[in-house]
Amino acid sequence: MRSIFVAALVILLATVATPTFAVIVTQWDFNSNPPDANPSTGLTTPSIGAGTLTQLGTSGTAVTGSPGDPAAGGGDNSAFNTSSYPSQGTGSGTEGVQFAVSTVGFTDIVLSVDLRQSPTASRYWQLLVSSDGTSFAPPSGGVTSFGTIGAGNTGTSFSTSGVYANDPGPGSGQTFVQAVTYTFASGSAFEDNPNFKYQWVSIFDPADGGYISADTGLEADYGTTGTFRFDMVTVAGTAIPEPGAILFGGLMCCVVALWRLTSKAIAPHA
Ligand SMILES: [Ca+2]
Ligand SMILES: [Ca+2]
């Protein structure tokens, strides 16, 4: 009987002790591989994992990356700089960048990105998410957070419905807002999903009906050549334990327990 109890305890521990820490599913650091000491050249394929970057009506080039990239300081840290956004009063929520990442095998999905606007870019941006890969909508029910907000940025906010706002300040010294993070609620439709996609797109001032410039907040100062820069685009999640591994461990424990019981049953008395 004691053997059965021990076996049950081992099965329970094997299940509970399965690692459940968050890992990077896919990441874009936009740096050249191998490094070429030139931030003006880079990659749009993921640096970790698999995924697809698609431009939505925008142009894109490699430029100097975020200080949040571990490669920063190494001489070859790029970001993806997007431009050619819609004319004033048109196309709100339609242009930007889309990322497609299968989350099969992962739960508790977390999105993170380092962002930097130029003064004439839109002040407002929207995170849109899709569980079927075709229909996109603002997220809900999650939690947002930031890492380091670089000098010069003010009014930085990121709502649980995915609206990001920031004023990068005037001049040429704009800096990144690092680790702009959206953590979906556990059990979301974006877990363990081969069709998961998300977009970052420019939107009108929610209180206005037109684009306002990131710096001055004036419609007149918005420009289609304003830029929105991405680095360290990351999808993270918690690996779903392999059911086969748990079952095998449990099965082996049962075999051992049964063998011990059987051995006792047939052992001759001393
Ligand atoms: Ca490079
Ligand atoms: Ca980078």
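In this text, all values refer to a predicted model and were calculated from it rather than measured experimentally. (Residues numbered from 1 in each chain as written. Chains lettered and ligands numbered in written order. Predicted model: local features only at pLDDT ≥ 70, side-chain atom pairs only at ≥ 80, totals over all residues. Heavy atoms only, no water.)

> Quick rundown of the coordination of the calcium ion (ligand 1)? Include the residues and the values.
Protein coordination at the calcium ion (ligand 1): the donors are Ser 32 (OG), Asp 36 (OD), Asn 38 (O), Thr 41 (O), Thr 41 (OG1), Asp 76 (OD) and Asp 76 (OD), at 2.3 to 3.2 Å from the metal. For the calcium ion (ligand 1), the single-chain donor residues occur in sequence as S-x3-D-x1-N-x2-T-x34-D. Under the relative-accessibility criterion, Asp 36 is labelled partly exposed at 36%. (Donors = N, O, S within 2.8 Å, 3.2 Å for Na, K, Ca; no water. Buried < 20%, exposed > 50% of the residue type's maximum accessible area, 1.4 Å probe, protein only.)

> Would you mind going over the sheet that holds strand β10 (residues 163–167) in detail, with residue names and values included?
An order of β2-β5-β12-β7-β10-β9 is seen for the 6 strands of this open sheet, with the pairing classed as antiparallel. A strand with exactly one partner marks an edge of an open sheet, and here the two such strands are β2 (52–56) and β9 (154–158). Strand-to-strand twist in this sheet, taken as the mean axis angle between neighbours without regard to direction, amounts to 15°. Bridging between strand β5 (residues 96–100) and strand β12 (residues 197–202) involves 5 bridges; their strand directions are antiparallel. For Val 97, the partnering residue across the bridge sits in β12 and is Trp 200. (Pairing = 2+ DSSP bridges. Helix = DSSP H or I, 4+ residues; strand = E, 2+ residues; numbered from the N terminus. Axes fitted to C-alpha atoms, helices over the stretch in contact; angles between N-to-C directions.)

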